[in-house]
Amino acid sequence: METRISASAPLDGIEEELAPRAQRARTALSFEVIPPRHSADSAKLDALIQGLAAYQPDYVSVTSSHRSDWLEGTARLIERIAQTTSMRPIAHLACTAGTPDELRQWITQLIDAGVRGFLALRGDIPAGLDRLPDTHLQHATDLLNLIQDVADAQAYRLAAGKLALSVACYPRGHAESTSDDQDLDVLLAKQRLGADFAITQLFFDAQDYLSFAERARLAGVRIPLIPGIMPMTSVNRVRRMGELSGVAPPVDVIKQLEAARTPEEEHQIGMRLTVALARTILQVGTGGLHVYTHNDLAVTRELLKGLNL
Ligand code: FAD
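Predicted, not measured: the structure shown is a model, and the values here were computed from it. (Residues numbered from 1 in each chain as written. Predicted model: local features only at pLDDT ≥ 70, side-chain atom pairs only at ≥ 80, totals over all residues. Heavy atoms only, no water.)

Thoughts on empty space enclosed by the protein
For the coordinates displayed, the defined rule picks out one cavity of 30 Å³ or more. Looking at the largest cavity, its volume works out to about 30 Å³. Contributing to the lining of the largest cavity are Tyr-170, Pro-171, Gly-173, Asp-180, Asp-183, Leu-184, Phe-212 and Arg-215. Secondary-structure elements contributing two or more residues to the lining of the largest cavity are helix 5 (180-192) and helix 6 (206-219). If you tally residues by element for the lining of the largest cavity, the top one is helix 5, at three residues. Taken together, the residues that form the lining of the largest cavity break down as four nonpolar, one polar and three charged. (1 Å grid on protein atoms, 1.4 Å probe; cavity = no way out; pocket = protein on both sides within 12 Å on 5 of 7 lines; lining within 4 Å. Points joined across faces, edges and corners; volume = space filled by probe spheres on them. Helix = DSSP H or I, 4+ residues; strand = E, 2+ residues; numbered from the N terminus. Nonpolar A, V, L, I, M, F, W, Y, C, P; charged D, E, K, R; others polar.)

A short note on the packing of helix 3 (residues 100-112) against helix 4 (residues 140-153)
For the pair helix 3 and helix 4, interaxial distance at closest approach is 10 Å and the crossing angle is 55 degrees. By the angle between their directions, the pair helix 3 and helix 4 is classed as oblique. In this structure, helix 3 meets helix 4 at a crossing whose hand is right-handed. Where helix 3 abuts helix 4, its residues Pro-100, Leu-103, Arg-104, Ile-107, Thr-108 and Ile-111 lie against Leu-143, Leu-146, Ile-147 and Val-150. (Axes fitted to C-alpha atoms, helices over the stretch in contact; angles between N-to-C directions. Parallel < 35°, antiparallel > 145°, perpendicular 65-115°, else oblique. Left-handed = near helix turned anticlockwise from the far one by under 90°. Contact = heavy atoms within 4.5 Å.)

With respect to the site of the ligand
Inspection of the region around the ligand gives 23 residues, with Ser-64, Asp-124, Tyr-170, Ser-177 and Lys-190 positioned closest. A distance of 2.8 Å is found between an oxygen atom of the ligand and a side-chain nitrogen or oxygen belonging to Ser-177. Here the ligand has 970 Å² of accessible area as a free molecule, and 83% of this is covered by the chains. At the level of secondary structure, the elements contributing two or more residues to the shell around the ligand comprise strand 4 (117-121), helix 4, helix 5 and strand 6 (197-200). Class assignment for the residues of the shell around the ligand results in eight nonpolar, 11 polar and four charged. (Near = heavy atom within 4 Å. Polar contact = N/O pair within 3.5 Å; in protein donor to acceptor, adjacent residues only side chain to side chain. Areas by Shrake-Rupley, 256 points an atom, 1.4 Å probe, with all protein chains shown as cover.)

Section: the pattern of salt bridges
Side chains carrying opposite charge are able to pair once their charged atoms draw close together. Summed over the entire model, instances satisfying the criterion amount to 11 salt bridges. Put simply, Arg-80 and Asp-46 hold a salt bridge, and the shortest N to O gap is 2.9 Å. With Arg-80 in helix 2 (residues 71-84) and Asp-46 in helix 1 (residues 42-53), this residue pair connects regions lying 34 residues apart in the sequence. Given the relative accessible area of 21%, Asp-46 is considered partly exposed. The partner of Asp-180 in a salt bridge is Arg-215, with the nearest N and O atoms 4.0 Å apart. Pair noted here: Asp-180 is in helix 5 and Arg-215 is in helix 6, with a separation of 35 residues, a long-range link. Here Asp-180 falls in the partly exposed class, since its relative accessible area comes to 42%. You can call Arg-215 partly exposed: its relative accessible area is 30%. (Salt bridge = Lys/Arg side-chain N within 4 Å of Asp/Glu carboxyl O. Buried < 20%, exposed > 50% of the residue type's maximum accessible area, 1.4 Å probe, protein only.)

Focus on helix 1
If you check helix 1, its first and last C-alpha atoms are 16 Å apart, about what 12 residues at 1.5 Å a residue would give, namely 16 Å. Among the structural elements, strand 1 (28-33), helix 2 and helix 10 (297-306) are those in contact with the buried residues of helix 1. Between a side-chain oxygen at the N-terminus of helix 1 and the backbone nitrogen of Ala-43 the separation is 3.0 Å; the capping residue is Asp-41. (Expected span 1.5 Å × (residues − 1).)

Some details on the nonpolar core
If you look at the biggest cluster of nonpolar residues, it comprises 95 residues, and the most contacted ones within it are Phe-118, Leu-143, Ile-147, Leu-187 and Leu-225. Take this core: its biggest share by element is eight residues, from helix 9 (residues 263-283). With near-sequence residues (within four places) excluded, Phe-118 lies in contact with Ile-90, Ala-91, Leu-93, Ile-107, Leu-110, Ile-111, Ile-147, Leu-163, Ala-164, Leu-165 and Ser-166. (Core = buried A, V, L, I, M, F, W, Y, C linked by side-chain atoms within 4.5 Å.)

Coordinates in, geometry out; function isn't part of it.
Structure below.
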């Protein structure tokens, strides 16, 4: 039995409505990791990779940004993951990382390194500009087309397993979108262009995700919308991630974290809030979670222990 997500369904007592655990699909689990700086402790990195691999996640996604020399750091970390574990790596690829020709080369190189999945993103527009330079693709939709072109050219090599294509989506709306409908239209376009699944921007309120998922289903989105969960380990982290993502944290969350008398208590309150957030989403039948690990193995373990995963 599949339990449908319904934003209007009461959350209390929902567990009784779920099929017995044996009949339910296993909760899908994936992690986001960030390429470390060159100077990073490689033993610590290996411990992170092995620690995450122990959970046998469905995939691990590796970010890319100017801090990681765009795809340089991403490719290095993916090679390390592929050499030392059986985890399936997915590379974050943003239009901001280069011209279409440069991106084509990166996609080919990453396929050579064993990557069989991409998260196609636009990336953030550099400060002071209102669009990316004309030399660059303008949207994730353009990048999906480019990846499909490369995949077509590599069809013989990919015959036994096509590339998995994923995209970003925004339960609270993307900051540049003019309406919620625009976000849904863009998500539908990404689905039409071959996206297999979407990963959400972080959010602090379960209802944001549940309402968004329901609206998306009604609009015709059928691909999984995998909730991205960020451990709320401190009020500073929550504020900072809220600023970076453009998602304002709820006043209530800030108040609860600020009420802590010690950093340890603050950590505990934040983790309790994170576990409650993830649990609410899983209890209504969502099939999986994507954890923004921030490369913190201890916190990731704490979260998964709280969720019995
Ligand atoms: P788009 O889908 O291109 O959307 C951007 C805006 O343009 C939206 O307002 C949308 O409505 C509008 N739009 C989209 N398509 C069209 C179109 N065809 N015509 C007109 N308007 C359109 N950034 C990084 O640099 N590196 C990362 O590793 C990274 N990882 C991320 C992981 C996740 C899970 C998420 C949610 C975000 C990540 N980001 C990353 C940030 C992301 O690049 C930014 O949020 C960026 O501002 C938008 O990217 P996008 O792919 O959603 O863009």
